[in-house]
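# Observations on the model geometry
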Amino acid sequence: MGLALNNSAVSPQKLKLYYRARYYDPLAGRFLNEDPIAFRGGHNFYAYVGEDPVDLVDPGGNDYHVGLNGNTITVSATVTIYGPSASNQLAQSWQNDVNRYWNGRNFQFGKCNVHFDIKFFADPGHNWRWTASPKSDNYVNVIPQKGDERLLDLTWSSYGRWLSGLTDQDVAHSMGHFFHLGDDYSLISGTKKGHEGHMMSNDVIRNVAQHEVDDIINAQLPPGCGCK
Amino acid sequence: MKRKYRKLLFWAAVCVALAACLVITAPAMNSVLMARKLKRFVKIETIYPGCQERARINNVSHCECEFVFDDVTDASTILFSGVNLTRSYDEERRVFRVGGTGTISSGKNTIQLLVDRIVINSIMIPSDRPSAFHVLIKHDGALTNSRWDLHW
């Protein structure tokens, strides 16, 4: 594994590279602390994309990446949708949805500006996330919408099973799960108090709230970030 | 003593396994129960006045709105008013297909269908949205999504 990996900062104390979420020890040839996504990263928590960094790019060690440039924070993530019901048309439609709620909006994190850069790709030719291309941070198996299905989607870490008939806000909400945001509601009691209208609520009219942006960035806060 | 310790360990393991099962299956069980509950309620479908035609995928058009009054299982308790309001009822699906302008009400909850927008309990549905709404109108007037997602 080469050390000329992108977006890492050298710790002055030792030759360990802070690789956003983890330290990489070049002598040991592995990350020193566990992948914060633990089981979601695979069985060997110290591994880096299955020991195959050439084909499986996971530049941040997470399902999304936080980069700092001057006073601008960029949160980026890629999603490949796959399966026979996936199409370029659907990818474009879902791209428009995340543009509307995430990419196209200006957020703040303390003194810094925050920009989201989420990209959708489609691979209708493959049925497995392992064979789907291009390689992305997250994968969605598209299930055709049949009639009156209430359960829109399942999202488990960087893997999703989404119905093709998601509305724009449902796409934006589900994208929040790829940023490791949990639901602000339960099916029984509804939206949590104080979270009404937030993206991760179950309300009809939802928008990304400041605390959701904070949670996303704080989880992968670059060291030395002087935004706060 | 050793046997007692083993027994304790066994039951502790059983408890942990049961708790894990509960955590994993509870959201799915909840959603199944909620889906069954919602299936009994009468639904109202209309074309959303402000929506743009969204990508047609698998011949499903998503440019519709669905409203469900919480706990309303009797279609006759839903009131319709308005000269231009048209409706038809599909008993099998328990769905009213509604068109035109007018007011639909159940108890204190009202849906106003206007030419260019829909207002539910004084809350205007944004007119720039490109896709469908699925609205569950609760007894207290709160609007929630009648469809949901699960995540772990």
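Criteria and cut-off values
- Residues numbered from 1 in each chain as written.
- Chains lettered and ligands numbered in written order.
- Predicted model: local features only at pLDDT ≥ 70, side-chain atom pairs only at ≥ 80, totals over all residues.
- Buried ≥ 20, exposed ≤ 12 C-beta atoms within 10 Å, placed from the backbone.
- Helix = DSSP H or I, 4+ residues; strand = E, 2+ residues; numbered from the N terminus.
- Arc of directions from axis to C-beta.
- Contact = placed C-beta atoms within 7 Å.
- Pairing = 2+ DSSP bridges.
- Axes fitted to C-alpha atoms, helices over the stretch in contact; angles between N-to-C directions.
- Parallel < 35°, antiparallel > 145°, perpendicular 65-115°, else oblique.
- Nonpolar A, V, L, I, M, F, W, Y, C, P; charged D, E, K, R; others polar.

Moving on, we get to helix α3 (residues 210-218) of chain A. All names here are of chain A. Along α3, the residues classified as buried are V213, I216 and I217. Seen along its axis, α3 keeps its buried residues to an arc of 90 degrees; they face one direction. Here the buried face of α3 lies against β5 (65-69), β6 (72-82), β7 (107-109) and β8 (112-123).

Turning next to the sheet that holds strand β4 (residues 86-90) of chain B. All names here are of chain B. Across the sheet, which stays open at both edges, the 6 strands sit in the order β4-β5-β1-β2-β10-β11 with mixed pairing between neighbours. Only two strands of the sheet have a single neighbouring strand rather than two, namely β4 and β11 (143-145). Ignoring which end each strand starts from, the neighbouring axes of this sheet average 25 degrees apart. In this sheet, β11 lies alongside strand β10 (residues 133-137) in antiparallel orientation, the contact comprising 3 bridges. Note on β11: the bridge partner recorded for V135 is N145.

A pair of packed helices is captured by two measures, namely the crossing angle of their axes and the spacing between those axes. All names here are of chain A. Axis separation between helix α1 (residues 88-103) and helix α2 (residues 168-178) bottoms out at 8 Å; the angle between their running directions is 75 degrees. The orientation of α1 relative to α2 falls into the category roughly perpendicular. Residues W94, D97, V98, R100, Y101 and W102 of α1 form the contact with α2, whose own contacting residues are D168, V171, A172 and M175. Counted by class, the contact of α1 with α2 contains 7 nonpolar, no polar and 3 charged residues.

A few words now on unusual backbone geometry. Between S133 of chain A and P134 of chain A the backbone carries a cis peptide bond, its omega angle lying at 0 degrees. Tracing the backbone shows P134 of chain A in the loop between β8 and β9 (138-143). The backbone of H180 of chain A shows a phi angle near 70 degrees, a positive value even though the residue is not glycine. With respect to the helices, strands and loops of the structure, H180 of chain A is situated in the loop between α2 and β12 (185-186). In the Ramachandran plot, S122 of chain B falls in the positive-phi region, its phi being about 70 degrees despite a non-glycine side chain. Inspection of the secondary structure assignment puts S122 of chain B in the loop between β8 (118-120) and β9 (123-124).

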